[in-house]
Every structure is written in structure tokens, then in C-alpha cells.
Amino acid sequence: MSLRTLLGASILLRITLLLYGLYQDYTSPLKYTDIDYYVFTDASRYLLTNSNNASTLTPYSRETYRYTPLLAWLLLPTALNPQFLFFSFGKIIFAAADVLAGWLIYVVLTNRGMDSQRAGWFAGIWLVNPMVATISTRGSSEGLLGVLVVGIVWAVLRRRVLLAGVLVGLATHFKIYPVIYAPTVVWWLESEGSGGSEGESGKGWFEKAIGFVNRERVIFGTWALGTFVGLNVWMYKLYASPFLQHTYLHHLSRVDHRHNFSPYNTLLHLTSSPMGHSSTPFGSIPFLPQLLLSGLVIPLAFAKHDLPVTMFAQTFAFVSFNKVCTSQYFMWYIVLLPFYLPGSVLLRRPWLGGVALVLWAVSQAVWLEQGYELEFLGKATFVPGLWVASLLFFAVNVWLLGIIVGDIRRRGDLA
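Parameters and conventions
Residues numbered from 1 in each chain as written. Predicted model: local features only at pLDDT ≥ 70, side-chain atom pairs only at ≥ 80, totals over all residues. Heavy atoms only, no water. Patch = residues over 30% accessible without salt bridge, like charges linked within 9 Å, V, L, I, M, F, W, Y side chains within 5 Å. Areas by Shrake-Rupley, 256 points an atom, 1.4 Å probe, with all protein chains shown as cover. Salt bridge = Lys/Arg side-chain N within 4 Å of Asp/Glu carboxyl O. Helix = DSSP H or I, 4+ residues; strand = E, 2+ residues; numbered from the N terminus. Phe/Tyr/Trp six-rings, centres within 6.5 Å; stacked < 30°, edge-to-face > 60°. Buried < 20%, exposed > 50% of the residue type's maximum accessible area, 1.4 Å probe, protein only. Lys NZ or Arg CZ within 6 Å of the ring centre and 35° of its normal. Expected span 1.5 Å × (residues − 1). Axes fitted to C-alpha atoms, helices over the stretch in contact; angles between N-to-C directions. Parallel < 35°, antiparallel > 145°, perpendicular 65-115°, else oblique. Contact = heavy atoms within 4.5 Å. Nonpolar A, V, L, I, M, F, W, Y, C, P; charged D, E, K, R; others polar.

Q: Got a minute to help me understand a nonpolar patch on the surface in this structure?
A: A contiguous nonpolar patch, built from Leu292, Leu296, Val297 and Leu300 and spanning about 350 Å² of accessible area, is present on the exposed surface. Mapped onto the elements, leucine 296 comes out in helix H17 (residues 287–302).

Structure below.
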């Protein structure tokens, strides 16, 4: 399909879902709009109230607002008139970011030598994906991260390292997880003519360390760190400790267990109670294997083989090993899936791809059935039902990660 047709279909899909969402919100007690969107828009309303009445309200006056104030600023038009299209302004922004991310996916694929028709099919995995379109039109901000992450891929591959650094700093300010891409980009930015690992083999460790520092790595690191620190200092001056607590520190100790596919689900539920919180040490321990795998091992092993595919593997590992794993987090790696699939074993062996898709979907369905009985029917399905379902989904994801890593290794050997 042509790019124009693809973009038109993706826009039409999102407009249809936006209009349907307005209808469902108006006629049904079960709202289409995600609860998080009400959190975003309430934070924006507090900002507007503060500016008009000189009050002390901040975005963090809205309970459960755990995001950068930039998001509340971006959605300020929703506070001007909470009716109809003004209220949907943020959804339109998120849906537009989805479409822009899909267009960038197409651009990256064609820049890497793929013909336009084939690139259109792979970009369609994101652009006309009902799950992606539904999540953004319900009011989830994941589309903003999607376009920033694909922008990082495009900028690095085009050797626009200053822009790449700014995008990494901005994305990490919005949500901390894109920090895992920094070591990948740094490792990938080899000096032209350096000879790579072969040219380094005859040098001592000191010469290798000096040779590691090149102009592109310095520019990227300076702008990534400068953007991240600059935005955080700015927000801290405006909102002080509530900004640090709710935007960053909260995630180290969060015990969210609802809608959580993670195998840590049951332990988080026990920890969330007052007695459990005092008697069950947990905290940030789950971050150790997660960050070691996604932020160090995978980048060092594979970044020089294939940058965007390595970023996909990192993100898949990060989400799979995260102590909180909801359906929205799948968006983080789905946006990078079109870079992995071309030439992957999942397409070269359709039976394997079919088995992988079925297992991924069925393991989710098993969990969702247990979660439905718990949250809607009030049945105590924690053990063994929900816990076993979480372990099953985790096992499927670990198996898939092994396939992905094997693919990257094979591509590196062929190169």
C-alpha cells in the first residue's frame, strides 16, 4: 500500500475511534476515556486555576499525577472548556503523535534500503494497529514517547547526534525508561575509519579508553545529559520536591498491582497493605536484573550489530522484567517492532511466528480471565490462579526474548 493510503487509513481509524469514544462516554456508564486522561486534564485545570487565582495549586495537587509538568502544560487547552473537542484536545495530540511515529518508521525503513511498498506494510504494524489507535484515543500519552523514540532512531542513523541527544534527554524526562537507549547509542557511535573491534585488538586498555571518546559521543552525551538535567532543574525550581517525588522517586517504591501482568503482582499486592508494607522488604530490588539486562548486557552485546533492533530487544526486556507491566507498556516495544520483523526468524519460519503470536496472546488472555474474576467478580484468585498466569506470561516473554537475541546475533554474524 502507498504511504498516502496508509496514512489516510491510520488517520481515519483514529478519527472514528475518537468520535465513538465521545458517543460511549456520553451514553454509557462504562467510559471509553482512560482514567489517566482525567488525571492529566485535572492537572492542567489546576495549573490554569493557579495562574488565574494566584493559588498554590500545582499539577501534583491532583492525586496520582506522576508525570512531568510538561504534560499538564501541553494539555492546557483541555482546561479552557471541558466540553466536547476542547476536552479531546489531548487525545488528538496523542493520536497525531502516533501517526507521526508511523511516518518516521516508514522513513527509517526506506532509508535503510527497503522498498516503499514493503516499508508500508511494516509501518502499518503501528499505524493501523487497533490496539495502538485505541490506547492513544482513550487518552494515554504513550504515543508521545513513541514518536520521541522513533525520532531517536532516525536521528542516530542519520548521524544527527546533537538532535539525538536532545531527544534522549527529553524522552527520559517524560518517562525514565528511555535512559536505557543512551548506552546503546554511545556504543553504536563508532568513529569512522576506526576499524571497530578489529582495529582495537592491538591496543592497550588505556589507548582503547582514549580512543573510545570521539566527537560524536561527546556531542551526544553532552546534549542528552544537558537536556535531561536542564529540564529537571527548571521543573524543580517551579515545583520543588513534589516534582522529584511524584515524577521519579515514586517509581522506585510503587506497589501498583491492578492490571499488572508482572510475576511480582502477588507480592506487590501483599506489600501494598499497611501490614505487608512494614513486614515485606521489596523496594527497588526488581530493578537490578531489569536494568542489568536491558541497560547493559544487551547494548554492549548487540548495539554495533543493529541499532534499532537492539533498542527493540532492550525495550522488550525492560517491559518483561518490570515489576509493573500493563497493556500500555506494550506500546513501548510495539513501536520498534517494524525494525525487528524484516528478516526475522518469525517471518522466515511462519509457523514459529504464528506460535509466538498465539502464545503471547493466549498467555495474556489467561491472565485477563483471572484478573476479571478478581477485580469484577470479587473472587480471590491471587494464588494459584493469578500468580501462575503471571508466571506463564513471563515465561512466554522470556522465550520470545531468547528468539529476538538469537536473531540479532545471527544478523551480526552474517554482517
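Q: Sorry, what's going on with the packing of aromatic side chains here?
A: By convention here, two paired aromatic rings are described through the distance between centres and the angle between planes. According to the stated counting rule, one finds 29 aromatic pairs in the structure shown. Judged by centre distance (4.0 Å) and plane angle (10 degrees), the rings of tyrosine 177 and tryptophan 332 are stacked. Placement of the pair is tyrosine 177 in the loop between helix H10 (161–174) and helix H11 (181–188) and tryptophan 332 in helix H19 (residues 330–334), with a sequence separation of 155 residues. By relative accessible area, tyrosine 177 is classed as buried at 3%. Looking at tryptophan 332, the relative accessible area reads 6%, which means it is buried. We note lysine 91 situated over the ring of tyrosine 37; from NZ or CZ to the ring centre the distance is 5.5 Å. The ring of phenylalanine 212 is capped by arginine 217, whose NZ or CZ atom sits 4.0 Å from the centre of that ring.

Q: Hey, could you run me through H17 in this one?
A: The periodicity of an α-helix, 3.6 residues per turn, causes residues three or four places apart in sequence to face the same way. Look at H17: 21 Å from first C-alpha to last across 16 residues, which is about the 22 Å you get at 1.5 Å a residue. All of the buried residues along H17 are Phe287, Gln290, Ser294, Gly295, Ile298, Pro299 and Phe302.

Q: Looking at this model, I keep getting lost on unusual backbone geometry. Mind explaining?
A: Leave glycine aside and you will find that most residues have negative phi; peptide bonds, for their part, are mostly trans. In the Ramachandran plot, threonine 64 falls in the positive-phi region, its phi being about 75 degrees despite a non-glycine side chain. Positionally, threonine 64 belongs in the loop between helix H2 (35–53) and helix H3 (69–74). Classification of threonine 64 as partly exposed rests on a relative accessible area of 39%. Backbone geometry places arginine 159, a non-glycine residue, at a positive phi of 60 degrees. Structurally, arginine 159 can be placed in the loop between helix H9 (142–157) and H10.

Q: Got a minute to help me understand the packing of H9 against H11 in this structure?
A: The relative placement of two packed helices comes down to the angle between their axes together with the axis-to-axis distance. Orientation of H9 relative to H11, taken along the N-to-C sense of each, is 10 degrees, at an axis distance of 11 Å. By the criterion of interaxial angle, the relationship of H9 to H11 is roughly parallel. Here Val149, Ile152, Val156 and Leu157 of H9 come into contact with H11, specifically with Tyr181, Val185 and Trp188. Tallied by class, residues from the contact of H9 with H11 come to seven nonpolar, no polar and no charged.

Q: Looking at this model, I keep getting lost on helix H6 (residues 89–111). Mind explaining?
A: An ideal rise of 1.5 Å per residue puts 33 Å on 23 residues; H6 measures up with 33 Å between its terminal C-alpha atoms. A positive backbone phi angle near 100 degrees is found at glycine 113, which sits one or two residues after H6.

Honestly, that's just the spatial picture; any functional story needs more than this.
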